[in-house]
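Commentary on secondary and tertiary structure
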Amino acid sequence: MIKNTNEMQQEIQNADNIYDVLDKNRESFRFEELTDYLKALLDRKSIKPADAIRKSGIDRCYGHQIISGRKAPSRDKLIALSFGMELSLDEVNDLLKVSRNRTLYARDERDAIIIFALANNLGLIETNQLLFDKGIEIIS
């Protein structure tokens, strides 16, 4: 049985032996590789990698290297790629978790603008304009 995050955290905090918890809950841990996750998202959304990369503003070669797993992207590159794939906020945060990056956080002004843009189906250019107008670093 796969446990939710709160259940896992409670069990870890109350454990006498972390190795027993790890062994007992093997199926509850995320082992997914970023490249597999990206390919699954692209398939689910019926988006060609080239189209997502083009819409993301990421260099074509670098984008394909991200998707193939040859390059480890920064948080910003993944956010840009998320716009290219037209992901929801939950999908973006899941992607960031899989890549071991911090999720979008509403109390961070830059992230708040990105969350707003995602909620309102804005594209990357419009999102960057909002960030630029506020004097905040754009997604690059």
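This write-up is about the structure you can find in this document. Within each chain, residues carry numbers counting from 1 in the order of the written sequence. Per-residue local features are limited, in this predicted model, to residues with pLDDT of at least 70; the limit for side-chain atom pairs, both in listing and counting, is 80 or more; totals at the level of whole chains, interfaces and linings are taken over all residues. Each side-chain value is derived from all of the structure's non-hydrogen atoms; neither hydrogens nor water enter the calculation.

For the rest of this paragraph, the subject is the nonpolar core. One finds Leu38, Leu81, Phe83, Met85, Leu95, Leu104 and Ile139 to be the most contacted residues of the largest nonpolar core, which totals 32 residues. The way it works is that DSSP assigns letters per residue, a run of H or I at least four long becomes a helix, a run of E at least two long becomes a strand, and they are numbered from the N terminus. Of all the elements in the fold, those that place two or more residues in this core are α3 (34-45), α4 (49-56), α5 (60-68), α6 (75-85), α7 (89-98), α8 (109-119) and α9 (124-133). Broken down by element, this core gets its largest block of residues, 6 residues, from α6. Residue contacts are defined here by distance: any two heavy atoms, one from each residue, within 4.5 Å place the two residues in contact. When neighbours within four sequence positions are excluded, Phe83 is seen to be in contact with Ile114, Ala117, Leu118, Leu122, Gly123, Leu124, Thr127 and Ile139. We define a nonpolar core as any set of buried Ala, Val, Leu, Ile, Met, Phe, Trp, Tyr and Cys residues linked to one another through side-chain atoms lying within 4.5 Å. Relative accessibility decides the category of a residue: with a 1.4 Å probe and only protein chains considered, values under 20% of the type maximum give buried, values over 50% give exposed, and everything between is partly exposed.

A cluster of nonpolar side chains, Ile12, Ile18 and Tyr19, forms an exposed patch at the surface whose accessible area comes to about 300 Å². As for its position among the elements, Ile12 is in helix α1 (residues 5-13). Accessibility expressed as a relative area gives 37% for Ile12, which makes it partly exposed. Patch definition: residues above 30% relative accessible area lacking any salt bridge, with like charges linked at up to 9 Å and the nonpolar side chains Val, Leu, Ile, Met, Phe, Trp and Tyr linked at up to 5 Å. Only the protein chains shown count as covering a residue, and every accessible area follows the Shrake-Rupley method with a 1.4 Å probe. We define a salt bridge as a contact between a side-chain nitrogen of Lys or Arg and a carboxyl oxygen of Asp or Glu at a distance within 4 Å.

Residues Ala52, Ile53 and Ser56 constitute the buried set of α4. Down the axis of α4, the buried set is contained in an arc of 95°. They therefore lie on one face. Tucked into the core, α4 has its buried residues touching α3, α5, α6 and α9. In the segment just after α4, Gly57 is the residue with positive phi, at about 80°. Working note: the arc is built from the helix axis to C-beta atom directions.

With a phi angle near 55°, Glu86 is a residue other than glycine that sits in the positive phi range. By secondary structure assignment, the location of Glu86 is in the loop between α6 and α7. By relative accessible area, Glu86 is classed as exposed at 53%. Phi is positive for Asn121, which is not a glycine, with a value near 55°. In this fold, Asn121 is placed in the loop between α8 and α9. Of the residues examined, Asn121 reaches a relative accessible area of 71% and is grouped as exposed.

Fair warning: the whole summary comes from geometry, so function is off the table for now.
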